[in-house]
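Spelled out, the chains give:
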Amino acid sequence: MIKHYFKLMMTSIVKNALNDSLNDSLYDALYNTMSNFLSSSQLSSLYLFSQRFLFCLITVSLVLLTACQSHSPAPVSQIQPKQPVKSNKSSAASPKKSTDKSASRDKLSLPSSYFIQEPIFNTQIRVLEAGEPSANNILLIHGLGAQGADDWQTVIPYLAENFYVTAIDLPGFGQSGSTNALYSPENYARLLNWLVDRQALQNLTVIGHSMGAAIGLKFVADYPENVDKLIMIDSAGMLHRSVIAKHFLRVENLQSQLFDTPFEIDFINTLGNKINKASEWLLETADTLPDLTALLLNTPAARNALFKDKSSLNAALAMINEDFSDEVSRVNIPVHLIWGARDRVAPLRIGQTLEAKLSNAQLHIIANAGHNPMQETPFELKKVLLSAIYQAPILKQPMPKTIGQTNLNCEQKNKHIISGAYKTIVLDGCENVLLKNVTAERLIVTNQSRVRLTNVLLKNPQGNALTIEHSALEGTQVTIKAKQAIALNHAKLDLAAASVSSHSPFVVATGESTSYFSLSESLPLGLSQENRSGVDRDVRWLHGHYLLQQDLSHEDLAP
């Protein structure tokens, strides 16, 4: 019976959230892993729990990877590269670097591919090129999945009409070779820099999808010399890894797909809520334990044991462990963010976070697209993508800073949406409440409330701005300016793209509370985003998990 309901739960997660299916053998592997993880009522040792959490994290990544590979054909060999395909180049081997593109490359009316040896991972990679060599350059970076650069097969033909397009199979993917190296955004960015220098690519527009978008951000931040514009399509990563894991483990929309009677729906809703709370507790508890992931990722022997022939898992774990706070602060070129509104792999929240933190970015939303708009909505993507290539970003207008004079009390309400300007907002026992485009002096969340904030300003120079007691709050694009910013009492706080300006301590905890920050920052009161130029030494990045049994001060954070 337990295994039966586990399979129903996984069916919902994978089918409804990730638009995919799992075979029976993977169901059994997931069940055996999770049942083993949940079977112990007590943690006999720190070592045992750490091992089990690692399996949990790998399981989450496997679900993610299965979704990303859903559009892929039968996997090609990743141990040795295939023989170079025929090319209309004079030589399919390694064309030598030249500062004159037209002298070193012929016009390609159709995509042409060849293999070259690269020095970063020390393997052969497949390079794909198309278009007029004298045209402006576009570099495409693919995401997870066996297809590699072939993910762009619906995009390359129309881009090649007016641009010179270069794409590669990243090491470990497509037809490129595979090694035991760490497939991190940093290492992939080094590879791209070598390729751009070797191919003499200048005035680049870099376009990345999913993991490729995260790699593109890292590349542009570290090697900005030859890049004019960055386009990120449904970027993966960015949020704290436990926030991402919670997203994948959450059970949603189970009853509408699998059950009919009110009794069944009530039972499975209760079960789903318990599963959600259990998964949250497991992840939050695991975050208090020593982290073995970085050690495993950076140890060649461990990589060989865990990731042999599993390039996607290697790359996915390296990506979700990356903190991009510094990168988003250093990218000043125009950035376009293209997102599927129905993306369950990289939720829209990531796009909203990047739009808020990048200084020159615009978010475009494709209504009917999920995580892979190249296959799901190719015509809509073409329209948005070409516009992004030719047009500068239209920056989001800053929200009004006017604080209202009226108070709002919400008691025992569910699925309620609040907008506008207020003085004080009190949410008492309110489930699934959304505050969107709100300004207020103070927000109080209490009595088992669960609240989401999007584009919210809390400003109270005389006192506290945000109080959370025995409740949970998730916020994106949140600005807090107050004498004392946040007060927590047995609370759960998850903020992304937040800017907190306050006297220290900026978080006061009167009862044990858990907080997650993603791509956020703490600034001393009086230093705002508008006047911070030249004084970034006073900014503290907030990207991590904080179990608060005492106050959290600005000085506790690394600059």
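Everything numeric in this text was worked out from a predicted model, so none of it was measured.

1. Quick notes on the overall build of the protein chain
Here's step 1: From N to C terminus, the protein chain includes 17 helices and 19 strands.
Here's step 2: Counted over contacts in the protein chain with a minimum sequence separation of 6, partners at least 24 positions apart contribute 58%.
Here's step 3: Accessible surface computed for the protein chain: about 24,100 Å², of which carbon and sulfur atoms make up 50%.

2. Some words on empty space enclosed by the protein
Using a probe with the size of a water molecule, rolled over the atoms, empty space left in the structure can be pinpointed.
Here's step 1: What the rule picks out here adds up to four cavities of 30 Å³ or more.
Here's step 2: In this structure, the second largest cavity spans a volume of roughly 70 Å³.
Here's step 3: Forming the boundary of the second largest cavity are twelve residues, of which Ala 236, Gly 237, Ile 244, Phe 248 and Val 345 lie nearest the centre.
Here's step 4: Elements supplying a minimum of two residues to the lining of the second largest cavity: α8 (241–249) and α13 (311–320).
Here's step 5: For the lining of the second largest cavity, the leading source of residues is α8, giving three residues.
Here's step 6: When its residues are assigned to classes, the lining of the second largest cavity shows ten nonpolar, two polar and no charged.

3. Focus: the state of the cysteines
Here's step 1: Counted under the stated rule, the structure contains one disulfide.
Here's step 2: Two residues share a disulfide in this structure: Cys 410 and Cys 430, whose sulfurs sit 2.5 Å from each other. The disulfide joining Cys 410 to Cys 430 has a torsion of about -125 degrees about its S-S bond and is therefore left-handed. Of this pair, Cys 410 sits in strand β9 (residues 407–411) while Cys 430 is found in the loop between β11 (424–428) and β12 (433–440), placing the two residues 20 residues apart along the sequence.
Here's step 3: Since its relative accessible area comes to 2%, Cys 410 is described here as buried.

4. Observations regarding the pattern of salt bridges
Here's step 1: By the definition in use, this model includes eleven salt bridges.
Here's step 2: Its salt-bridge partner being Asp 222, residue Lys 218 comes within 3.5 Å of it at the nearest N-O pair. Of the two residues, Lys 218 and Asp 222 both sit in helix α7 (residues 211–222), four residues apart, roughly one turn of that helix.
Here's step 3: Residue class for Asp 222 comes out partly exposed when judged on its relative accessible area of 27%.
Here's step 4: Here the residues in one salt-bridge network are Lys 218, Asp 222, Asp 326, Glu 327 and Arg 330, joined through shared partners.

5. A closer look at the pairing of strand β3 (residues 137–141)
Here's step 1: Counting buried positions along β3 gives five out of five residues, so the element sits mostly inside the fold.
Here's step 2: Taking every second residue as pointing to the same face, both faces of β3 are buried, with Asn 137, Leu 139 and Ile 141 on one and Ile 138 and Leu 140 on the other.
Here's step 3: Bridging between β3 and strand β4 (residues 164–168) involves four bridges; their strand directions are parallel. Considered in β4, the bridge of Leu 139 is made with Thr 166.
Here's step 4: Direction of pairing for β3 relative to strand β5 (residues 204–209): parallel, over a ladder of four bridges. Bridged to Leu 140 within β5 is Ile 207.

6. Topic: the side chain of Asn 372
Here's step 1: Within the element layout of this structure, Asn 372 appears in the loop between β8 (361–366) and α16 (373–376).
Here's step 2: Taking relative accessible area as the criterion, Asn 372 reaches 6% and is therefore assigned buried.
Here's step 3: At a separation of 3.0 Å, a polar atom in the side chain of Asn 372 contacts the side chain of Gln 375.

7. Points about the side chain of Thr 377
Here's step 1: Relative to the assigned elements, Thr 377 resides in the loop between α16 and α17 (378–390).
Here's step 2: The exposure class assigned to Thr 377 is buried, which follows from its relative accessible area of 5%.

8. Brief notes about the packing of aromatic side chains
Here's step 1: Going through the model one piece at a time under the given rule, you end up with six aromatic pairs.
Here's step 2: Here Phe 163 and Tyr 390 contribute two aromatic rings whose centre-to-centre distance is 5.7 Å and whose plane-to-plane angle is 45 degrees, an arrangement assigned as tilted. You can see Phe 163 sitting in the loop between α5 (156–159) and β4 and its partner Tyr 390 sitting in helix α17, a full 227 residues away along the chain.
Here's step 3: Judged by centre distance (5.8 Å) and plane angle (70 degrees), the rings of Phe 517 and Tyr 546 are edge-to-face. Here Tyr 546 lies in strand β19 (residues 540–548) and Phe 517 lies in strand β18 (residues 513–524), a separation of 29 residues in the sequence. Judged on exposure class, the residue Phe 517 and its partner Tyr 546 are both buried.
Here's step 4: Within the aromatic cluster, the residues linked to one another by ring pairs are Phe 121, Tyr 183 and Tyr 188.

9. Looking at the environment of Ala 167
Here's step 1: Relative to the helices and strands, Ala 167 is located in strand β4.
Here's step 2: The spacing of Ala 167 and His 142 is 25 residues in sequence and 8.1 Å in space, taken between C-alpha atoms.
Here's step 3: Excluding its chain neighbours within four sequence positions, the residues that come into contact with Ala 167 are Arg 126, Val 127, Leu 128, Leu 140 and Ala 149.

10. Examining the packing of helix α6 (residues 185–198) against α7
Here's step 1: At their nearest, the axes of α6 and α7 sit 8 Å apart, and the two run at 70 degrees to each other. Between α6 and α7, the angle is such that the two are roughly perpendicular. For the pair α6 and α7, the crossing hand works out as right-handed. On α7, the residues that touch Pro 185, Glu 186, Tyr 188, Ala 189, Leu 192, Asn 193 and Val 196 of α6 are Met 211, Ile 215, Lys 218 and Phe 219.
Here's step 2: The residue inventory of the contact of α6 with α7, partitioned by class, reads eight nonpolar, one polar and two charged.

11. Focus: the confidence of the model for the protein chain
The predicted structure's coordinates, where accompanied by low pLDDT, should not be read in detail.
Here's step 1: Taken over all residues, the pLDDT of the protein chain has a mean of 78, while the share at 70 or more is 69%.
Here's step 2: Here residues 1–22 is modelled with pLDDT under 50, and outside its nearest four sequence neighbours on either side it reaches 57 contacts, counting other chains as well.
Here's step 3: A low-confidence stretch, residues 527–535 (pLDDT under 50), is modelled with 15 contacts involving residues beyond four sequence positions or located in other chains.

12. Some words on the pairing of β4
Here's step 1: Of all five residues in β4, five are buried; the element is thus mostly enclosed.
Here's step 2: In β4, alternate side chains face the same way, and those of Tyr 164, Thr 166 and Ile 168 on one face and Val 165 and Ala 167 on the other are all buried.
Here's step 3: Here strand β2 (residues 123–131) pairs with β4 via four bridges, running antiparallel. Bridge pairing in β4 links Val 127 to Ile 168.

13. Comments concerning the environment of Trp 541
Here's step 1: In this fold, Trp 541 is placed in strand β19.
Here's step 2: Take Trp 541: its relative accessible area is 22%, and that puts it in the partly exposed class.
Here's step 3: Placed 18 residues apart in sequence, Trp 541 and Leu 523 show a C-alpha to C-alpha distance of 9.0 Å.

Quick notes on the rules
Residues numbered from 1 in each chain as written. Predicted model: local features only at pLDDT ≥ 70, side-chain atom pairs only at ≥ 80, totals over all residues. Heavy atoms only, no water. Helix = DSSP H or I, 4+ residues; strand = E, 2+ residues; numbered from the N terminus. Contact = heavy atoms within 4.5 Å. Areas by Shrake-Rupley, 256 points an atom, 1.4 Å probe, with all protein chains shown as cover. 1 Å grid on protein atoms, 1.4 Å probe; cavity = no way out; pocket = protein on both sides within 12 Å on 5 of 7 lines; lining within 4 Å. Points joined across faces, edges and corners; volume = space filled by probe spheres on them. Nonpolar A, V, L, I, M, F, W, Y, C, P; charged D, E, K, R; others polar. Disulfide = S-S within 2.5 Å. Buried < 20%, exposed > 50% of the residue type's maximum accessible area, 1.4 Å probe, protein only. Salt bridge = Lys/Arg side-chain N within 4 Å of Asp/Glu carboxyl O. Pairing = 2+ DSSP bridges. Polar contact = N/O pair within 3.5 Å; in protein donor to acceptor, adjacent residues only side chain to side chain. Phe/Tyr/Trp six-rings, centres within 6.5 Å; stacked < 30°, edge-to-face > 60°. Axes fitted to C-alpha atoms, helices over the stretch in contact; angles between N-to-C directions. Parallel < 35°, antiparallel > 145°, perpendicular 65-115°, else oblique. Left-handed = near helix turned anticlockwise from the far one by under 90°. pLDDT = per-residue confidence, 0-100.

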